[in-house]
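# Architecture at a glance
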Amino acid sequence: MSNPEQTLGVTPPISTTLPTDAEKRQTEALLKELRAQGTFESQAETDKRWAVLADLQRITDEFVKRAAQEKEPHNAILIRDARGRIFTYGSFRLGVYGPGSDIDTLVVVPKYVTVKQYFDIFPNLLIEMAPPGAITDLTPVPEAFVPIIKFEYSGISIDLIFCSIQSLRQLPDDKDWNLNSNNLLRGLSENEVRSLNGTRVTDEILALVPEEKTFKLALRAIKLWAQRRAIYANIMGYPGGVAWAMLVARVCQLYPKATSAVIVRKFFTIMLNWPWPLPVLLKNIEYNQSITRVAVWNPKIYPSDRNHKMPIITPSYPSMCATHNVGRSSMAVIQQELERGVQISEEIMLGKRPWKDLFEKHTFFTNGFKFYLTVISSGRTKEAQNTWSGFVESRVRVLVQKLELHPSIALARPFNKGYDRVHRCKTDAQVEEIQTGNLTYMVKPTDTAANGNAKNESKVEVKAEIKTGDGVAPEPAVPVVKEEPNDVVHLGTVPLKPEDNSVKPEANDYDEDKVKLEDIPEKEPELEIYTTNHYIGLQLVEGAKSLDLSREVDDFKAMCTSNDIFKAELMGLTIQHVRNFDLPDDVFEPGETKPVRPVKKKKRMAEGEHANGPMAKRQQMATAPPTIKSEH
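None of these values were measured; they are calculated from a predicted model. (Residues numbered from 1 in each chain as written. Predicted model: local features only at pLDDT ≥ 70, side-chain atom pairs only at ≥ 80, totals over all residues. Heavy atoms only, no water.)

Looking only at helices and strands, the chain features 17 helices and 13 strands. The burial tally for the chain puts 53% of its 632 residues in the buried class. Working note: accessible area of the chain is about 30,600 Å², and carbon and sulfur atoms make up 51% of it. (Helix = DSSP H or I, 4+ residues; strand = E, 2+ residues; numbered from the N terminus. Buried < 20%, exposed > 50% of the residue type's maximum accessible area, 1.4 Å probe, protein only. Areas by Shrake-Rupley, 256 points an atom, 1.4 Å probe, with all protein chains shown as cover.)

In this structure the tally under the stated criterion is 28 aromatic pairs. An angle of 75° between the planes, with centres 5.3 Å apart, marks the rings of F63 and F122 as edge-to-face. Pair noted here: F63 is in helix α2 (residues 43–71) and F122 is in helix α5 (residues 115–129), with a separation of 59 residues, a long-range link. Classification of F63 by relative accessible area gives buried; the value is 0%. When the centroid spacing of 6.0 Å and the interplanar angle of 45° are considered together, the rings of W274 and W276 count as tilted. Assessed through its relative accessible area of 16%, W274 is described here as buried. Judged by relative accessible area, which is 15%, W276 ranks as buried. Seen from the ring of F40, R35 lies directly overhead, with NZ or CZ sitting 4.5 Å from the centre. (Phe/Tyr/Trp six-rings, centres within 6.5 Å; stacked < 30°, edge-to-face > 60°. Lys NZ or Arg CZ within 6 Å of the ring centre and 35° of its normal.)

Turning next to the sheet that holds strand β4 (residues 148–153). Sheet strands line up and pair through hydrogen bonds in the backbone, either parallel or antiparallel. Ordered by their spatial adjacency, five strands build an open sheet running β1-β2-β5-β4-β3, and the pairing between neighbours is mixed. Each end of this open sheet is capped by a strand with a single partner; those strands are β1 (85–89) and β3 (135–141). Each adjacent strand pair in this sheet contributes to an overall mean axis angle of 25°, direction not counted. The pairing of β4 with strand β5 (residues 156–164) spans six bridges and is antiparallel. Across the sheet, E152 pairs through a bridge with S157, a residue of β5. (Pairing = 2+ DSSP bridges. Axes fitted to C-alpha atoms, helices over the stretch in contact; angles between N-to-C directions.)

F215, W225, F267 and L538 are the most contacted members of the largest nonpolar core, which has 102 residues in total. The element best represented in this core is helix α8 (residues 241–254), accounting for eleven residues. When sequence neighbours within four positions are dropped, the list of residues in contact with L538 reads F369, F371, L373, L403, I409, L411, A412, L547 and L549. Formed by 35 residues, the second largest nonpolar core is a distinct cluster that contains V52, A68, V113 and A130. (Core = buried A, V, L, I, M, F, W, Y, C linked by side-chain atoms within 4.5 Å. Contact = heavy atoms within 4.5 Å.)

The next point concerns the environment of S304. Looking at the secondary structure, you find S304 in helix α10 (residues 303–306). Residue classification places S304 among the partly exposed residues on the basis of a relative accessible area of 45%. Separated by 20 residues in the primary sequence, S304 and H324 have C-alpha atoms spaced 9.0 Å apart.

So, about the side chain of T323. Mapped onto the secondary structure, T323 falls in the loop between α10 and α11 (328–349). Setting aside its immediate chain neighbours within four residues, T323 contacts P239, A243, M310, P311 and I312.

Turning to the pattern of salt bridges, a few remarks are in order. Two side chains of opposite charge can pair, provided their charged atoms sit close to one another. Enumeration over the complete set of coordinates arrives at 23 salt bridges. As a salt-bridge pair, R66 and E128 come within 2.7 Å of each other at their nearest N and O atoms. With R66 in helix α2 and E128 in helix α5, this residue pair connects regions lying 62 residues apart in the sequence. In this structure, R80 and D81 form a salt bridge, with 2.9 Å as the shortest nitrogen-oxygen distance. (Salt bridge = Lys/Arg side-chain N within 4 Å of Asp/Glu carboxyl O.)

Side chains on a regular strand alternate between the two faces of the sheet. Summarising burial for β4: six of the six residues are buried, a large majority. Every second residue of β4 is oriented toward a common face, with I148, K150 and E152 on one face and I149, F151 and Y153 on the other, all of them buried. Two elements, β3 and β4, share five bridges in a ladder whose sense is antiparallel. Directly across from V141, in β4, lies its bridge partner I148. Between the end of β3 and the start of β4, which pair antiparallel, lie six residues. Following β4, the chain reverses through two residues before pairing antiparallel with β5; S154 in that reversal takes a positive phi of roughly 55°.

With that out of the way, let us pick up helix α9 (residues 260–272). In this model α9 runs 18 Å from its N-terminal to its C-terminal C-alpha over 13 residues, within 8% of the 18 Å that 1.5 Å per residue would give. Burial analysis of α9 places ten of its 13 residues in the buried class, the great majority of the element. Buried residues of α9: S260, A261, V262, I263, V264, R265, F267, F268, I270 and M271, and no others. Of the surrounding elements, those touching the buried residues of α9 are α1 (21–36), α7 (212–228), α8 and α11. (Expected span 1.5 Å × (residues − 1).)

The next subject is the packing of α1 against α7. At their nearest, the axes of α1 and α7 sit 11 Å apart, and the two run at 50° to each other. In terms of their interaxial angle, α1 and α7 are classed as oblique. The crossing of α1 and α7 is left-handed. Only L217, R220, A221 and L224 of α7 make contact with α1, whose side of the interface consists of T27, L30, L31 and L34. (Parallel < 35°, antiparallel > 145°, perpendicular 65-115°, else oblique. Left-handed = near helix turned anticlockwise from the far one by under 90°.)

Averaged over the chain, the pLDDT score is 86; the fraction of residues at 70 or greater is 81%. pLDDT under 50 marks residues 447–451. Its contacts with residues more than four places away, or in other chains, come to 17 contacts. (pLDDT = per-residue confidence, 0-100.)

The next subject is the pairing of β5. Within β5, nine of the nine residues are buried, which leaves the element mostly enclosed by the surrounding structure. Residues I156, I158, L160, F162 and S164 point to one face of β5 and S157, D159, I161 and C163 to the other, with burial holding for every one of them. Pairing of strand β2 (residues 103–109) with β5, which is carried by seven bridges, proceeds in the parallel orientation. The partner of D104 across the bridge, within β5, is D159.

Axis separation between helix α12 (residues 382–404) and helix α16 (residues 550–561) bottoms out at 10 Å; the angle between their running directions is 150°. On the basis of their axis angle, the class for α12 and α16 is roughly antiparallel. Of the two possible hands of crossing, α12 and α16 adopt the one that is right-handed. Contacts from W388, F391, V392, R395, V396, V398, L399, K402 and L403 in α12 reach E552, D555, F556, M559, C560 and T561 in α16. Each residue belonging to the contact of α12 with α16 can be placed in one class, and the counts come to ten nonpolar, one polar and four charged. (Nonpolar A, V, L, I, M, F, W, Y, C, P; charged D, E, K, R; others polar.)

Now the structure itself:
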């Protein structure tokens, strides 16, 4: 008798066995641990998110009406029926968001609304219609590959992208209307297709899993694991949120009756043994469509698709590879972490270890490498640094690819987040010191919340599956939202003293001996410099004695500084070699042990052998660390 239930995926399930009581208990323990790890937010915080989205919907409707009035001021019917729609995608739409997560949001409008109107009208409308003071850090980025407006609404970070549906004169007045129809892609450019497909992909993932609740809990676990192990960030060459979601969804298809704990356990085994570059598919790819000119992933036709090492393919038409950024080193690191996951999850399911062991933090800085490169982007204003650091970040993996080709490098692992720092100094000479990695003038974390912290992951993720077209992200800016220090002194300005309204005693004859204001020397103005450091761990081949990276470094700097974004008077870029014991203190969290400089032991010479003899020289060669030339 055939199974009446629908089979999801491109192959039949591996097992449809019902869960045991022990597996159910392990799922309860997993849920308890995820709550203890702080991955869930309170109901009040979630309600606040929905209230913000409701406000954005109201603002969007007004935006479309004003755009219609501007387009055809005498068309009363067009203006009356004008409406837009707000859709979400990413972690919020998948239901795996947590405290502090941003909301990836899409504005969908009719064909007559232009992207120019989006940037001309929408930012001002946000300020006008939102509660006073609710909108902060408003940053329109019209030059981005996918036009985006970034802002915070009542403390919630919003990334708002835009798409005008060229096949619709007006959007339907139907609350259940969605973006699932491929016909909505007609007439759209590549960046518009990618904007729309953010929501389309997310919705289809949810439609292709057997049990949403099981999928969401398992995905929370895998997402936390990937973040803790520093292998979560598409822009740096690791799978992003959508890619990890598709991997978990595929395991759910193979075990449709399993609990979340079993899905996590099977995830590690299946993905460790997956025969890459065989693609991971949630459904068969739709070919032979003539709706859009955007290419569908097809390694038989496109050489670039054949080069993908770990292809994870989006289910919505036109299907694309969500992991085209994964390189040789990042894939090797992922494989190592999957092996670790297999071992720990096996012991967890046997009751020998707790779930928290799976989520232990990475050892990238504490015990990962002896040698590092640090890419330092710097800016003389916060605005310049936001633009420049985002651009440099999108190119770091290009440097990694060049390093992987070096014969003396076995592995080049980029850390998945950058470290933002703020510095204050007084001379151009000191600025140059800062630009080359000197932390003497760094503002202490107690002085500014923006200093010395790794970028929040939810803000680092650029959703490159949606927003980029080729292997290199074309966005010139990935602004990072930071708190502005209360006592910020921008370049070339003198801080204003706060007005003092306290009651002062009147001057009298006894004040003659007091210091007069004109006698106080004027305070020299301070320069404020912003830097972002990206670290790359280097594992050398056995026996490497020296490593000259000057060509790779020079090529990378030339590529970045030749871009129109670069302004020499405002921005800087240097690359430095750092030993593990010289890493700055702020990359280590409380309780972590910083590597220390090894103490050279004096070797006992053979009897009768001179200190400068052949044996001493061989010992020196065997124990000396390799010389790395990279400072530029």
